[in-house]
Amino acid sequence: MNDARPAGGVLSGLPAAVTVVEVGPRDGLQNERVFVPTEAKIAFVDALAAAGLPVIEVTSFVRPDAIPQLRDAEDVMRGIARCAAVRYAALVPNERGLERARSCGVAEIALFTAASETFARHNINAGIEESLARFAPVIRRAHADGMRVRAYVSTAFGCPYEGRVAPAAVCAVMEKLLALGADEISIGDTIGVATPTQVAELCALLLRHADPARLALHFHDTRGTALANVLAGLLAGIAVFDASAGGLGGCPYAPGAAGNLATEDLLYMLHGMGIQTGVDLTAVVRATRLIAGYLDHPPTSKYYAAATS
Ligand code: HMG
Ligand code: MG
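Please read all numbers here as calculations on a predicted model, not as lab measurements. (Residues numbered from 1 in each chain as written. Chains lettered and ligands numbered in written order. Predicted model: local features only at pLDDT ≥ 70, side-chain atom pairs only at ≥ 80, totals over all residues. Heavy atoms only, no water.)

1. A few points about helix H6 (residues 128–144)
To keep things clear, this is the line we draw: Secondary structure elements are defined from DSSP: runs of H or I of at least 4 residues count as helices, runs of E of at least 2 residues count as strands, and each element is numbered from the N terminus. To estimate the expected span of a helix, subtract one from its residue number and multiply by 1.5 Å. Fitting one axis to the seven residues ending at a residue and another to the seven starting there, the bend at that residue is the angle between the two axes. Contacts are assigned to residue pairs that have any heavy atoms within 4.5 Å of one another.
With 17 residues, H6 extends 24 Å from end C-alpha to end C-alpha; this agrees with the ideal 24 Å at 1.5 Å per step. Considering bend angle alone, the principal kink of H6 is centred on Phe-135 and spans about 25 degrees; proline Pro-137 follows within four residues of it. Those residues of H6 that are buried are in contact with helix H4 (95–103), strand S4 (108–114), helix H5 (117–124), strand S5 (148–154) and helix H7 (167–180). Gly-146 sits one or two residues past H6 and shows a positive phi near 80 degrees.

Structure below.
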């Protein structure tokens, strides 16, 4: 079994605690072919909250024809039980998205752009600079309303259209988002191509320009390197990681992006290393089991498979 040891041990410099940002209801479900009923989405979010996840990205307020699975965003947001200990966030692409989010009481928004121009155009129909210009008034208005603002930099390691992405390009976008006032930047390996040396190299550069408390890492496990990449991130000083219950996930505009890092696999590794998360792993498995009944494929999380076989 998994013997917990004090954080650090032979690996020095690890954080004692990590914040896990649960993106399953948004990144996990957005690519699912079969429409998941609104009530099931609500029950999934509530089960994740009950598991102790401190931040849950509930849905996204994008064009419903772009992401039909999440066309019930308002209903999901209004239907969930609000647990005081949980930050409920939602993906927002523009001012229209902010309006929609505000109409149903969202307290934290997540904007999204990319480090590669072609991906940005495919995903949000805007180049990087145009997306940043679009974000400026959204961030101002969100802050004026007391909302927290997170911002994703997608394709931080590789782009499905342009290939390898230079760390300097990621850093430039991160710095502009911070200058616009984003509270936290999540660095996304959208298509799951990163390796630990690349993570270490990129984090070293980013941390010369940003406070580690304002950085998060968002890995997709497409090629099986996500947990190794988390370890590289931890060693670099990052303590916020995005993950998706069951390993659900993918991005419709990133071919081959299937499979976010699974929350269960992340928790198993962190807890085994003596790193606190405040999340009940068994309860996350229950949440995944609940949503799995609505999908046309089994969840990819290795821990989930082991726990439910
Ligand atoms: P656009 O077509 O350029 O927008 O879409 P527009 O401003 O030109 O408006 C055109 C029409 O869309 C208008 O309607 C707007 O009202 C409507 P009309 O007047 O023609 O009837 N519209 C909206 N409707 C509802 N909600 C909105 C909204 N905005 C405009 N918010 C847009 C630009 C960004 C909106 C579009 O491209 C879009 O929705 N893209 C969604 C992309 C997406 O969700 N991708 C997946 C999430 S990103 C991801 O997964 C990566 C991440 O996980 C990190 C990682 O892994 O790296 C975050
Ligand atoms: Mg993602």
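2. As for the packing of aromatic side chains
Working definition: an aromatic ring pair is given by the centre-to-centre distance plus the angle between the planes. As a reminder, the rule being used: Two aromatic rings, drawn from Phe, Tyr or Trp (for Trp, its six-membered ring), form a pair once their centres lie within 6.5 Å of each other, and the interplanar angle then sorts them: stacked below 30 degrees, edge-to-face above 60, tilted otherwise. Exposure classes here rest on a 1.4 Å probe applied to the protein chains alone. A residue is buried below 20% of its type maximum, exposed above 50%, and partly exposed in between. Whether a charge sits over a ring comes down to the Lys NZ or Arg CZ being within 6 Å of the ring centre and within 35 degrees of the ring normal.
A full pass over the atoms with the stated rule returns 2 aromatic pairs. On the numbers, 5.5 Å between centres and 35 degrees between planes, the contact of Tyr-268 with Tyr-303 is tilted. With Tyr-268 in helix H10 (residues 263–272) and Tyr-303 in helix H12 (residues 302–308), the pair connects residues that are 35 residues apart, well separated along the chain. In this structure Tyr-268 comes out as partly exposed when scored by relative accessible area, which is 35%. When the ring centre of Tyr-88 is taken as reference, the NZ or CZ atom of Arg-82 above it lies at 5.9 Å.

3. So, the coordination of the magnesium ion (ligand 2)
Around a metal, the perfect tetrahedron of four donors has angles of 109.5 degrees, and the perfect octahedron of six donors has angles of 90 or 180 degrees. Note the threshold: Coordination partners: N, O, S within 2.8 Å of the metal, 3.2 Å for Na, K and Ca; water not considered, so apparent gaps in a site are possible.
For the magnesium ion (ligand 2), the full set of protein donor atoms is Asp-27 (OD), His-218 (NE2) and His-220 (NE2), at a range of 2.0 to 2.3 Å. In the primary structure, the donors to the magnesium ion (ligand 2) are separated according to the pattern D-x190-H-x1-H. The same class applies to His-218 as to His-220, namely buried.

4. Brief notes about the nonpolar core
For the record, the criterion: Residues enter a nonpolar core if they are buried and are Ala, Val, Leu, Ile, Met, Phe, Trp, Tyr or Cys, with the set joined through side-chain atoms within 4.5 Å.
The biggest cluster of nonpolar side chains holds 105 residues, and the ones touching the most others in it are Ile-109, Ile-185, Ile-187 and Leu-234. The contact partners of Ile-187, leaving out residues within four places of it in the chain, are Val-153, Ala-156, Phe-157, Val-170, Leu-202, Leu-206, Leu-215, Ala-216, Leu-217 and His-218.

5. A few points about the site of ligand 1
Put simply, the rule reads: Residue proximity to a molecule or strand is established when one non-hydrogen atom of the residue lies within 4 Å of it. Counted as a polar contact is a pair of N or O atoms within 3.5 Å, where, for protein atoms, one must be capable of donating a hydrogen and the other of accepting one, and residues adjacent in sequence contribute only when both atoms are in side chains. Calculation of accessible area relied on Shrake-Rupley with a 1.4 Å probe; when residues are assessed, cover is drawn exclusively from the protein chains displayed. The nonpolar class holds Ala, Val, Leu, Ile, Met, Phe, Trp, Tyr, Cys and Pro. Asp, Glu, Lys and Arg form the charged class, and all remaining residues, Gly among them, are polar.
Neighbouring ligand 1 are 27 residues, the closest being Gln-30, Arg-63, Asn-125, Ser-154 and Thr-190. Interatomic distance of 2.9 Å between a side-chain N/O atom of Arg-26 and an oxygen atom of ligand 1. Here an oxygen atom of ligand 1 sits 2.8 Å away from a polar atom, N or O, in the side chain of Asn-125. Notes on ligand 1: free accessible area 1,100 Å², of which the protein chains cover 73%. For the shell around ligand 1, the elements supplying multiple residues, two or more each, are helix H1 (24–28), H4, H5 and S5. If you tally residues by element for the shell around ligand 1, the top one is H4, at 3 residues. Of the residues in the shell around ligand 1, the class split is 12 nonpolar, 10 polar and 5 charged.

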